[in-house]
Amino acid sequence: MEQSVEAISAIPHRMYEAWNRGDVAGFFADFAEDVVFAELEGTIYRSRAEAVAAHEVLLDTVMKGSRLERGEVHFARIVSPGVGVVHSRVGILMPGEQEPPSTRYSMQLFVTVWQEDRWVVVALENARLLSLQSMAALESMPAS
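These notes cover the structure that comes with them. No experiment lies behind these values; they were computed from the predicted model shown.

Below, the discussion takes up the overall build of the protein. When you go through the protein residue by residue, the secondary structure sums to four helices and six strands. Beginning at the N terminus, the succession of helices and strands in the protein can be written as α-α-β-β-α-β-β-β-β-α. Its C-alpha radius of gyration of 16 Å places the protein within 12% of the 15 Å reference for a compact globule of 144 residues. Overall, the protein is about 50 × 30 × 30 Å in size when its C-alpha atoms are taken along their principal axes. Looking at the 144 residues of the protein, the share that counts as buried comes to 38%. Residue pairs in contact within the protein that sit at least 24 positions apart in sequence constitute 51% of those at least 6 positions apart.

Let us look at the environment of A143. Looking at the element boundaries, A143 is found in the segment after α4 (132-140). Of the residues examined, A143 reaches a relative accessible area of 81% and is grouped as exposed. In this structure the C-alpha to C-alpha distance between A143 and E56, which are 87 residues apart in sequence, comes to 31 Å.

What follows deals with helix α3 (residues 48-60). Along its 13 residues, α3 runs 18 Å from first to last C-alpha, staying within 8% of the 18 Å computed at 1.5 Å per residue. When α3 is considered as a whole, its buried residues turn out to be R48, A51, V52, H55 and L59. End-on view of α3: buried residues confined to an arc of 100°, all on one side of the axis. In α3, the exposed positions angled more than 90 degrees off the buried face are occupied by A49, V57 and D60. Each element contacted by the buried residues of α3 is listed here: α1 (5-21), α2 (24-27), β1 (31-38) and β2 (44-45).

Our next topic: the pairing of strand β3 (residues 67-80). As a general feature of sheets, a regular strand has side chains that alternate between the two faces. One ladder, built from ten bridges, connects β3 with strand β4 (residues 83-93); its direction is antiparallel. Paired with V73 across the strands is S88, a residue of β4. Joining the antiparallel neighbours β3 and β4 is a turn of two residues, in which G82 adopts a positive phi near 85°.

About the cut-offs
- Residues numbered from 1 in each chain as written.
- Predicted model: local features only at pLDDT ≥ 70, side-chain atom pairs only at ≥ 80, totals over all residues.
- Heavy atoms only, no water.
- Helix = DSSP H or I, 4+ residues; strand = E, 2+ residues; numbered from the N terminus.
- Rg over C-alpha atoms; globule rule 2.2 N^0.38 Å.
- Buried < 20%, exposed > 50% of the residue type's maximum accessible area, 1.4 Å probe, protein only.
- Contact = heavy atoms within 4.5 Å.
- Expected span 1.5 Å × (residues − 1).
- Arc of directions from axis to C-beta.
- Pairing = 2+ DSSP bridges.

In structure tokens form, the structure reads like this:
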């Protein structure tokens, strides 16, 4: 592998493919052992092992049979030698769906570093992609 924008841009696509196979270890294969991963609902995983364990349960239960679709990298950049960032977006399809609903798109910001002749993810933030209208509708709902 080489220190190129194309190489770091390939990471999200490998993750999507692994998710769609139900391969949790493959999904996290490009992550550093000590990755910090902030999930969309606020959970923060502080290691690859912790993230793998949580996602094995997730893919065996509420996300079983789901697929990541319409994934694309919006930008990737090497910010200094050996350090890169990637921003991607992807939709989640549940079994039987043909198109992800607009409320089920998320965006990810990856921080990558060059270690042992490959790019590894050292930090990832996964956030829900919401329109201003969707956020306003959520904010207008009564608190529970």
